[in-house]
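Overview (structure and organization)
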Amino acid sequence: MVLTIEEGFVKKEMYSVQDTVLPALKVMIAINKAYDMWLLTILILPLFISVFFVLFFKPLRPRKNVKLYVVLFILFLATFIIWDFYVHKEIIEEISNALNRL
């Protein structure tokens with residue numbers, strides 16, 4: 001099986017690797033995980049943005065326990081950001097390990 005790999009965004013570099021099906025599938029599975037994680041991030045960010053506007057836009061702001069809601073919002077946002085970076089780091093390592101094995 002021939003796997004064609006493109007690297008770079010502005011200056012693209014392409015090369016082809018001849019290998020068996022299993023290592024090529026491991027690379028593709030890792031790339032699909034990264035794509036799914038990117039989609040999940042894109043879907044969750046508007047939720048955080050809308051909650052931010054509800055908390056800080058005067059007519060929509062809840063009247064009671066505003067500080068509690070802000071603290072919970074910051075806690076959830078920080079947790080999501082840390083989790084997202086950690087998962088992306090693991091996926092990047094998985095992709096690089098799979099590419100190095102080719």
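Data block above holds the structure.
All of the points below concern the structure found in this document. The residue count restarts for each chain, going from 1 along the sequence in the order it is written. Only residues with pLDDT of at least 70 get local features here, since the model is predicted, and only at 80 or more are side-chain atom pairs given and counted; chain-wide, interface and lining totals rely on the full set of residues. Excluding hydrogens and water, the side-chain figures rest on all heavy atoms present in the structure.

1. What to know about the overall build of the protein
Note the threshold: Elements are defined by DSSP. Helices are runs of H or I of four residues or more, strands are runs of E of two residues or more, and each kind is numbered from the N terminus. The atom set for the radius of gyration is the C-alpha atoms, and the globule formula is 2.2 Å times the number of residues raised to the power 0.38. Exposure is judged per residue with a 1.4 Å probe applied to protein chains only, and the accessible area is read against the type maximum: over 50% gives exposed, under 20% gives buried, and values in between give partly exposed. Whether two residues touch is decided by their heavy atoms; if any such pair falls within 4.5 Å, the residues are in contact. Areas reported here follow the Shrake-Rupley algorithm with a probe of radius 1.4 Å; residue values treat only the protein chains shown as occluding. Under the counting rule used here, the positive set is Lys and Arg, the negative set is Asp and Glu, and His together with the chain ends is not counted. Where a charge sits is defined by one atom per residue type, namely NZ (Lys), CZ (Arg), CG (Asp) or CD (Glu).
In terms of helices and strands, the protein carries two helices and two strands. Each helix and strand of the protein, ordered N terminal to C terminal, gives the series β-β-α-α. Its C-alpha radius of gyration of 20 Å places the protein more than 25% over the 13 Å reference for a compact globule of 102 residues. When burial is assessed residue by residue, the protein has 18% of its 102 residues classed as buried. The long-range share in the protein, meaning contacts at least 24 apart out of those at least 6 apart in sequence, stands at 51%. For the protein, the exposed area adds up to about 8,300 Å²; of that, 71% sits on carbon and sulfur atoms. Here the protein contributes 11 positively and 9 negatively charged side chains, and the mean placements of these two sets differ by 20 Å.

2. What to know about helix α2 (residues 66-100)
Spacing of three or four residues puts side chains on the same side of an α-helix, whose turn is 3.6 residues. For clarity, the cut-off: Each helix should span, by expectation, one fewer than its residue count multiplied by 1.5 Å.
Under the 1.5 Å per step criterion, the end-to-end length of α2 is 51 Å for 35 residues, consistent within 8% with the ideal 51 Å. For α2, the complete set of buried residues consists of Val70, Phe73, Phe80, Asp84, Val87, Ile91, Ile95 and Ala98. As for α2, its buried residues are in contact with α1 (21-56).

3. Some remarks on the pairing of strand β2 (residues 13-18)
Convention followed: At least two DSSP bridges between two strands are required for those strands to pair.
Examined bridge by bridge, strand β1 (residues 2-7) and β2 share six bridges and lie antiparallel to one another. Residue pairing in the sheet places Ile5 in a bridge with Tyr15 of β2. Where β1 folds back on β2, the antiparallel hairpin that results is connected by five residues, among which Gly8 adopts a positive phi of roughly 100°.

4. Focus on the side chain of Asp84
As a reminder of what qualifies: Throughout this description, the term salt bridge denotes a Lys or Arg side-chain nitrogen within 4 Å of a carboxyl oxygen of Asp or Glu.
One can find Asp84 in helix α2. Buried charge Asp84 goes without a salt bridge, the closest partner of opposite sign being Lys89 at 14 Å. When near neighbours in sequence (up to four residues on either side) are disregarded, Asp84 contacts Met37 and Thr41.

5. So, the pattern of salt bridges
A complete count under the given rule lists three salt bridges for this structure. Note that Lys12 and Glu6 form a salt bridge whose closest N and O atoms lie 3.4 Å from each other. A relative accessible area of 55% places Lys12 in the exposed class. Its salt-bridge partner being Glu93, residue Lys89 comes within 3.9 Å of it at the nearest N-O pair. On the criterion of helical spacing, the pair formed by Lys89 and Glu93 is a turn pair, its members being four residues apart in helix α2. By relative accessible area, Lys89 is classed as partly exposed at 49%. Glu93 gets classed as partly exposed once you look at its relative accessible area, which sits at 40%.

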